[in-house]
Amino acid sequence: MKSIPIGRSSRDEIPRLLRVCGLSVKYGADGQALEAALRQLDLEISAGEVVGILGESGCGKSTLALSILGLLPADARVDGSILFRNEELLGMSEAQLRRIRGAKISLINQEPGLALSPVMRVGEQIAEVIGAHSGLKRKARKQEAEAMLRAVNLTNAGRICAAYPHQLSGGELHRVAIGQALACRPDLVIADEPTRSLDVIVQAEILGVLRNLKQKFGTALIFITHDPALLVGFADRVVVMYAGRAVEQGPSSRMFGRPLHPYTKGLLNLVARVPRRDGSAPAGLLPVIPGGPPYLEALTSGCAFEPRCSRKTEICQSEDPEELMPEAGHRVSCFHHGS
Amino acid sequence: MAAEQATKRAARPALVRVHALSKRYVQRRIFSRDKFVVDALKNVDVEIPPDCLTALVGESGSGKSTLASCLAMLETPDSGEIWFEGREISRAAACELESLRPKIQMVFQDSSGALNPRFSAAQIIAEPLEIQRRVSGRKLRQRTCELMEEVGLSADWADRSAHEFSGGQRQRLAIARALALRPTLLILDESLSGLDLVTQAQILNLLAEIRIAHSLTCLLISHDLSLVGQVADHIAVMHKGTIIERDTRQQVFESPRHAHTRELLAATRTIASAFRAERPGSE
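Residues numbered from 1 in each chain as written. Chains lettered and ligands numbered in written order. Predicted model: local features only at pLDDT ≥ 70, side-chain atom pairs only at ≥ 80, totals over all residues. Heavy atoms only, no water.

### Observations regarding the overall build of chain A
The number of helices and strands found in chain A is 11 helices and 13 strands. The C-alpha atoms of chain A give 21 Å as radius of gyration, which agrees with the globular expectation for 339 residues (20 Å, within 12%). In terms of overall dimensions, chain A has C-alpha extents of about 65 × 55 × 40 Å along its principal axes. By the burial criterion, 54% of the 339 residues in chain A qualify as buried. Intrachain contacts of chain A at a sequence separation of at least 6 include 65% that bridge at least 24 residues. A total of about 14900 Å² of accessible surface is found on chain A, and carbon and sulfur atoms cover 50% of it. Within chain A, one finds 40 positive and 36 negative side-chain charges whose respective centroids are separated by 7 Å. (Helix = DSSP H or I, 4+ residues; strand = E, 2+ residues; numbered from the N terminus. Rg over C-alpha atoms; globule rule 2.2 N^0.38 Å. Buried < 20%, exposed > 50% of the residue type's maximum accessible area, 1.4 Å probe, protein only. Contact = heavy atoms within 4.5 Å. Areas by Shrake-Rupley, 256 points an atom, 1.4 Å probe, with all protein chains shown as cover. Lys, Arg positive; Asp, Glu negative; His and termini not counted. Charge placed at Lys NZ, Arg CZ, Asp CG, Glu CD.)

Below, the structure written as structure tokens:
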């Protein structure tokens, strides 16, 4: 099948829940050198869809989450467009954004222990979100908060509601954070590494909770992670980010079954090393991707992945690869995606 | 072949032998006379064979870090014994610690908290060498640069502060500091858990290289069985303050004896099996 470059017009027909177009973010105060975090990022999410954002630390995943919620620090310079239900989020006033945050789009932070206030009972914190976006009375808010905790499989919801964050275990805190994010039944939830530093049993439980809630409420979910294994059987689509850009995206079955970008292949090879039932694992050193993500301000011409790529040729040094669509819905930015 | 070598190494006398180790923490609630007791270690028995990588796995709160702190002589156990190179060290006197501590070095989970933010990379690595009066002057600078190069950091970065390094680079710096005193046992307490998969794999490869170069015995503490399953020779599983299972990696993965180990493996495999089903021929 012949690969064709993607034109903006080919994406404009289908209504999307969220459409990010040409998003660029740079950090730096006036008069100082600017540090790029996102470069011309394009991303689309439909209602009820689970999209996995995959990549190493420092490739811009969390900056994307904060851009959508309008939570970037004051020194961030943002260009491009973020349309949510055809409404432009960039340039909205703080008052307008507050009406959207929590009610329409919410965030599950990677450190719920830090995201929750240590001096408020968790029930009050969930009720506060409900109160900010609904006219419910105090008692009804409390009942709704308890119902939300039961929905995230916390059986003793009364006790949890009355507890302070430091009195809860790591797994309980993560469930509270999920319950709080879903309290107002938002259209879109952004989960920024929601299982980071959890042990494997709690991690599996939290993934189960997110799966159930997706089925129950039909919420669209952006699941940010560095671990491809967490997206299997859960994400409808996967977007692989590198150096502030989406280098490959497509339906998860194709992304895992037939990845095209060398970076995606490198990430998937790391998961494939997990020992089998008999304990056997391939001998020798692990198949790493050498080096680390580049400093974006130092990028000149060529593919940003070229210094780390095992398939690089001359053209990779001199030209930036265009985004191509070798298969329907599967896009990649690489000169050597077919090899 | 690798399994045979690991078995041969394990047949030698253990480098560390822990017997009936117990440690209890008593905490008092704020503004209250109520006390609550946490039995972090309960009669722990474990051996660490020399020149092997032993992994200590278990859920959060199972006592892994308390055991590591006792081994590194940062905590004193309430009862029990720790034998290291044939010597009981659990209640070593302060005057003995100066000679013992260089032999057992630790790399912590939170690299940003473990490295002095006001020190340069060179000062961080040089500090233990100066305290132990191993080298000084121009040789000290030369040795710190050698250690940086050995862990994959450019010696040109020797004057950068710790906060100028990424998470993975800071862990390399912490490993370089631990290697400075040529330890016999290196304990990595969840040192990889905050890092992404690529950086984890790079550090594991580095660990494999330095283990051979320094004839190092390693204790890798992690909650991630899929991670330790790729590199460990032996696996010890902790649950509620006790060691419930200890065997070779093959044995633990092939025929786990304890129900909790089976539960840990099942949680790991649910994710790994789903991945393999989506990606046939991935190996």
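Additional details are given in the paragraphs that follow.
### With respect to the packing of aromatic side chains
For any pair of aromatic rings, the description consists of the separation of the ring centres together with the inter-plane angle of the planes. All names here are of chain A. Summed over all chains, the structure comprises 5 aromatic pairs over all chains. On the basis of an interplanar angle of 85° and a centroid distance of 5.1 Å, the ring pair of Tyr242 and Phe305 is categorised as edge-to-face. With Tyr242 in strand β10 (residues 237-242) and Phe305 in the loop between α10 (262-271) and α11 (314-318), the pair connects residues that are 63 residues apart, well separated along the chain. For the residue pair Tyr242 and Phe305, the accessibility class agrees, reading buried in each case. Aromatic rings pair up to connect Tyr242, Tyr263 and Phe305 into one cluster. (Phe/Tyr/Trp six-rings, centres within 6.5 Å; stacked < 30°, edge-to-face > 60°.)

### Some words on helix α2 (residues 64-71) of chain B
Residue and element names in this part refer to chain B. Counting buried positions along α2 yields 7 of 8 residues, so the element is predominantly enclosed. Turning to α2, its buried residues number three or more, namely Lys64, Thr66, Leu67, Ala68, Ser69, Cys70 and Leu71. Met73 lies just past α2 and shows a positive phi near 60°.

### Here's the deal with the side chain of A:Arg101
All names here are of chain A. Within the secondary structure, Arg101 is located in the loop between α2 (94-100) and β7 (105-108). Arg101 gets classed as buried once you look at its relative accessible area, which sits at 17%. In this structure Arg101 touches Leu69, Gly70, Leu71, Glu94 and His133, once residues within four positions along its chain are discounted.

### Remarks on the sheet that holds strand β10 (residues 242-248) of chain B
Residue and element names in this part refer to chain B. Ordered by their spatial adjacency, 6 strands build an open sheet running β6-β7-β8-β3-β9-β10, and the pairing between neighbours is mixed. Strands with a single pairing partner mark the edges of an open sheet, and in this sheet they are β6 (104-107) and β10. Averaged over neighbouring strand pairs, the angle between their axes works out to 20° when direction is ignored. Where β6 and strand β7 (residues 185-189) come together, 4 bridges link them in parallel fashion. Paired with Val107 across the two strands is Leu188, which belongs to β7. Against the sheet, α2 engages β3 (53-57), β6, β7, β8 (217-222), β9 (234-239) and β10, with an angle of about 150° to β8. (Pairing = 2+ DSSP bridges. Axes fitted to C-alpha atoms, helices over the stretch in contact; angles between N-to-C directions.)

### As for the nonpolar core
Counting residues in each nonpolar core, the largest one holds 118 residues, and the members touching the most others are A:Leu149, A:Val176, A:Ile178, A:Phe223 and B:Ile235. For A:Ile178, the residues in contact, after removing those within four places along its chain, are A:Ile108, A:Val152, A:Ile206, A:Val209, A:Leu210 and A:Leu213. Core analysis: the next-biggest nonpolar cluster, separate from the first, contains 33 residues, A:Leu23, A:Ile82, A:Ile100 and A:Ile224 among them. (Core = buried A, V, L, I, M, F, W, Y, C linked by side-chain atoms within 4.5 Å.)

### Points about empty space enclosed by the protein
If you walk through the whole model with that rule in mind, you get 5 cavities of 30 Å³ or more. As a volume, the largest cavity reaches approximately 590 Å³. Lining the largest cavity we find 39 residues, and of these A:Asp227, B:Leu197, B:Gln200, B:Asp224 and B:Ser226 sit closest to its centre. Each residue belonging to the lining of the largest cavity can be placed in one class, and the counts come to 21 nonpolar, 12 polar and 6 charged. (1 Å grid on protein atoms, 1.4 Å probe; cavity = no way out; pocket = protein on both sides within 12 Å on 5 of 7 lines; lining within 4 Å. Points joined across faces, edges and corners; volume = space filled by probe spheres on them. Nonpolar A, V, L, I, M, F, W, Y, C, P; charged D, E, K, R; others polar.)

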